Amino acid sequence: FGAGLDALYVTDDDGAHWSLADSGVFPYALAFDRGRAGRLVGLTRPYPIAYGYEYVHESFDGGRTWRFVSTIDTAGCDGNGTLLSDAAGTLFRASACGVLRSNNGGQA
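Reading the values: the criteria
Residues numbered from 1 in each chain as written. Predicted model: local features only at pLDDT ≥ 70, side-chain atom pairs only at ≥ 80, totals over all residues. Heavy atoms only, no water. Pairing = 2+ DSSP bridges. Helix = DSSP H or I, 4+ residues; strand = E, 2+ residues; numbered from the N terminus. Axes fitted to C-alpha atoms, helices over the stretch in contact; angles between N-to-C directions. Phe/Tyr/Trp six-rings, centres within 6.5 Å; stacked < 30°, edge-to-face > 60°. Buried < 20%, exposed > 50% of the residue type's maximum accessible area, 1.4 Å probe, protein only. Core = buried A, V, L, I, M, F, W, Y, C linked by side-chain atoms within 4.5 Å. Contact = heavy atoms within 4.5 Å.

**A few points about the sheet that holds strand β4 (residues 29-32)**
With respect to topology, 4 strands assemble into an open sheet ordered β4-β5-β6-β7, the strand pairing being antiparallel. Because the sheet does not close on itself, it has two edges, and the strands there are β4 and β7 (67-73). Neighbour-to-neighbour, the strand axes of this sheet turn through a mean angle of 20°, independent of strand direction. Sheet topology note: the β4/strand β5 (residues 40-44) ladder contains 4 bridges and is antiparallel. Looking at β5, one finds that Phe-32 is bridged to Leu-40.

**Topic: the packing of aromatic side chains**
Ring pairs (aromatic) are described by centroid distance and by the angle formed between their planes. Enumeration over the complete set of coordinates arrives at 1 aromatic pair. Centroid distance Tyr-55 to Phe-68: 5.9 Å. Interplanar angle 75°. Geometry classified as edge-to-face. Here Phe-68 lies in strand β7 and Tyr-55 lies in strand β6 (residues 53-59), a separation of 13 residues in the sequence. Taking relative accessible area as the criterion, Tyr-55 reaches 27% and is therefore assigned partly exposed.

**Here we look at unusual backbone geometry**
Of note in the backbone geometry, Asp-14 takes a positive phi value of approximately 55° without being a glycine. The residue Asp-14 is located in the loop between β2 (8-10) and β3 (19-20) in this model.

**Focus: the nonpolar core**
Soluble, globular proteins show a tendency: their nonpolar side chains are buried together. Within the largest apolar cluster, 9 residues are counted, these being Ala-29, Ala-31, Val-41, Leu-43, Val-56, Val-69, Ile-72, Leu-83 and Leu-91. Breaking this core down by element, the ones donating at least two residues are β4, β5 and β7. With near-sequence residues (within four places) excluded, Val-69 lies in contact with Arg-39, Val-56, His-57, Glu-58, Gly-105, Gly-106 and Gln-107. Core analysis: the second largest hydrophobic core is formed by 6 residues, Leu-8, Val-10, Ala-21 and Leu-40 among them.

So this is what it looks like as structure tokens:
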């Protein structure tokens, strides 16, 4: 995956060729959900940008299509673009106020 400012590119051949995933959702932070095989989680911001809010989306087809999962109210603690998943599928999001954690795939 390659995430740009307004586009998401995907590859099926280890980076030899890239194609635009034109789904209308362009995450700036991505993580493979290690608790659910084939699930990719992405974070987006509202447009126009409204700091203090992020959206969680999920994809089961390598980022070609996305489904909205939830809204994160960061309460002024915007993140830095880091999204991680541990072996149990817990998602971690770094923010200016500390680390946010979701034990349910980004629902809360």
